[in-house]
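Observations on the three-dimensional arrangement
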Amino acid sequence: MKTIIEPFKIKMVEPIKLTTPAKRETILRRAHFNVFQIPAEEVIIDLLTDSGTSAMSSEQWAGMLRGDESYAGARSWYRFEKVLRDLTGMPHILPTHQGRASERILFELIGGPGKVIPNNNHFDTTRANIEHSGAKAVDLVIDEGTQPRSRHPFKGNLDVSKLERLIHEVGAAHVPVCMITVTNNSGGGQPVSLANIREVSSLCRRHRIPLFLDACRFAENAYLIKQREPGQSQQSARAIAQEMFSLADGATISAKKDGLVNIGGVLLMRDDTLADRANNLLILTEGFVTYGGLAGRDLEAMAQGFIEVLDEHYLEYRLRSVAYLGEHLLAGGVQIVEPPGGHAIYIDAAAFSPHIPPEQFPGQAVVCGLYRRAGIRAVEIGSVMFGFCDPVTGEVKRPPMELVRLAIPRRVYTQSHIDYVVEATLEVFRRRHELRGLRIIEAPPSLRHFTAQFDEL
């Protein structure tokens, strides 16, 4: 059959509160034009993030009822450990309450002043945790990864020649780890090829630099490899994922993405000495090593989620439903990051609203327009999230793309919801001349997109 259906049935529903444009205008102004500050019940379609917003399965809920809440050595921990070890092959598996906790532990141990940590593209909390340690985060995505219209199948790839130059410039001793984010969230949810991971892994091993994956969306990346990479179509998504992990020395994972849960994270390592130090820090700041700040029921839900996410019927539906949104926006004249990637569609905000210059945050203007028009909550990934003023030169640094991410929660919305998003986005696009730039009136020094306050110009 040509129609790809949701490979699940709906057993429980949650009502959506429908608001009026006038009410949303009041709410948006009260939130100082920052949709993070809008109560969720005032949102009709919530595409702010795919993190922790998944609908869990009946087997996950059953597992939560079986959860063993023993402080040490709970059976839920042993099930979780076995599932992760079978999938990743990593000897050291540390549970954490979410991905940024894994990042904090890792970079507290290996970061610090004078260190440089490359990636294809660091996402917000990864970059913030690196910089908080005193280290420098460097993005080395291939050139095609900064071109929205490029149809390169693996725009998330890390540029190996750029990485080699960086290592020679700063010295391998100053690069405590190299990372690859799969899929590349900051770059449009674009996948990384298996060939690229192999090449980066080989280079890192020659220089004795550990390679870590930011593997929040490893399953989506694996299935995109199966679809797009020559020679991989006959491999299972699980086998591809296992090979991805086999090429790495460790990984950070937010299970709130491809773990299909509402809370939870993982830190994976091969190095015994580093794992001992991480365990001590985990006990200090998260919890004992067999629960890591989570309840036993959370470990059960994660274990089941890491099994279910590699079901290829689910992955086919997941990626096709995201592509459906992207294709309809493109057909309506809205430029997106092409081709559609994994968890989200990224609107090219600079092309969407060319009358708004980068210093007036065109992405944030589009985000506000979507909420005003249709109660859709999206997120800016551009100069609000990643722009900053260099403290040494005073130069304002801006990211290469001004994007708006429409992140699709897993197993939550149906095709009619996505059709609504298409209709609303195209309506805002037709009236894009009405969008107004913004200025920041209050913001913290880091991760400002969460709490910044804006005023319209």
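First, a word on scope: everything that follows refers to the structure included in this document. (Residues numbered from 1 in each chain as written. Predicted model: local features only at pLDDT ≥ 70, side-chain atom pairs only at ≥ 80, totals over all residues. Heavy atoms only, no water.)

Now for the pattern of salt bridges. For the structure shown, the criterion picks out 32 salt bridges. Of the charged contacts in the structure, one is a salt bridge between Arg 127 and Asp 139, with a shortest N-O distance of 2.6 Å. On the criterion of sequence distance, the pair formed by Arg 127 in helix 5 (residues 124-132) and Asp 139 in strand 4 (residues 136-139) is long-range, its members being 12 residues apart. For Arg 410, the salt bridge is made with Glu 220, and the minimal N-O distance between the two is 3.2 Å. Remark: Glu 220 occurs in helix 8 (residues 218-228) and Arg 410 occurs in the loop between strand 14 (403-407) and helix 16 (415-430); sequence separation between them is 190 residues. A single burial state applies to Arg 410 and to Glu 220, both of which are buried. Where salt bridges share partners, they join Asp 50, Arg 217, Glu 220, Asp 258, Arg 318 and Arg 410 into one cluster. (Salt bridge = Lys/Arg side-chain N within 4 Å of Asp/Glu carboxyl O. Helix = DSSP H or I, 4+ residues; strand = E, 2+ residues; numbered from the N terminus. Buried < 20%, exposed > 50% of the residue type's maximum accessible area, 1.4 Å probe, protein only.)

Bringing the packing of aromatic side chains into the picture now. Applying the stated criterion across every chain, the model contains 11 aromatic pairs. Measuring from centroid to centroid gives 5.0 Å for Tyr 71 and Tyr 291, while their planes differ by 65°, and the two rings are edge-to-face. Within this pair, whereas Tyr 71 is found in the loop between helix 2 (58-66) and helix 3 (75-88), its partner Tyr 291 is found in the loop between helix 10 (272-285) and helix 11 (296-308), the two being separated by 220 residues in sequence. Between Trp 77 and Phe 80 the ring centres are 6.0 Å apart and the planes differ by 45°, which places this aromatic pair in the tilted class. On the criterion of helical spacing, the pair formed by Trp 77 and Phe 80 is a turn pair, its members being three residues apart in helix 3. With respect to burial, Trp 77 and Phe 80 carry one shared label: buried. For Arg 432, the ring lying beneath its charged end belongs to Phe 429, and the centroid distance is 4.0 Å. (Phe/Tyr/Trp six-rings, centres within 6.5 Å; stacked < 30°, edge-to-face > 60°. Lys NZ or Arg CZ within 6 Å of the ring centre and 35° of its normal.)

The subject of this paragraph is helix 1 (residues 21-30). Those residues of helix 1 lying buried are Arg 24, Ile 27 and Leu 28. Buried residues along helix 1 cover an arc of 100° about the axis, so they all sit on one side. The exposed residues of helix 1 that point more than 90 degrees off its buried face are Ala 22 and Arg 30. Packed against the buried residues of helix 1 are helix 14 (362-374). Directly after helix 1, the chain includes His 32, whose backbone phi takes a positive value near 55°. (Arc of directions from axis to C-beta. Contact = heavy atoms within 4.5 Å.)

Further remarks concern the sheet that holds strand 9 (residues 344-348). Pairing in this open sheet of three strands is antiparallel, and the strands run 9-14-11 from one edge to the other. Each end of this open sheet is capped by a strand with a single partner; those strands are strand 9 and strand 11 (379-381). Going from strand to strand, the sheet's axes swing by 35° on average, the running direction of each strand aside. Where strand 11 and strand 14 come together, three bridges link them in antiparallel fashion. By the bridge assignment, Glu 380 is partnered in strand 14 with Val 404. (Pairing = 2+ DSSP bridges. Axes fitted to C-alpha atoms, helices over the stretch in contact; angles between N-to-C directions.)

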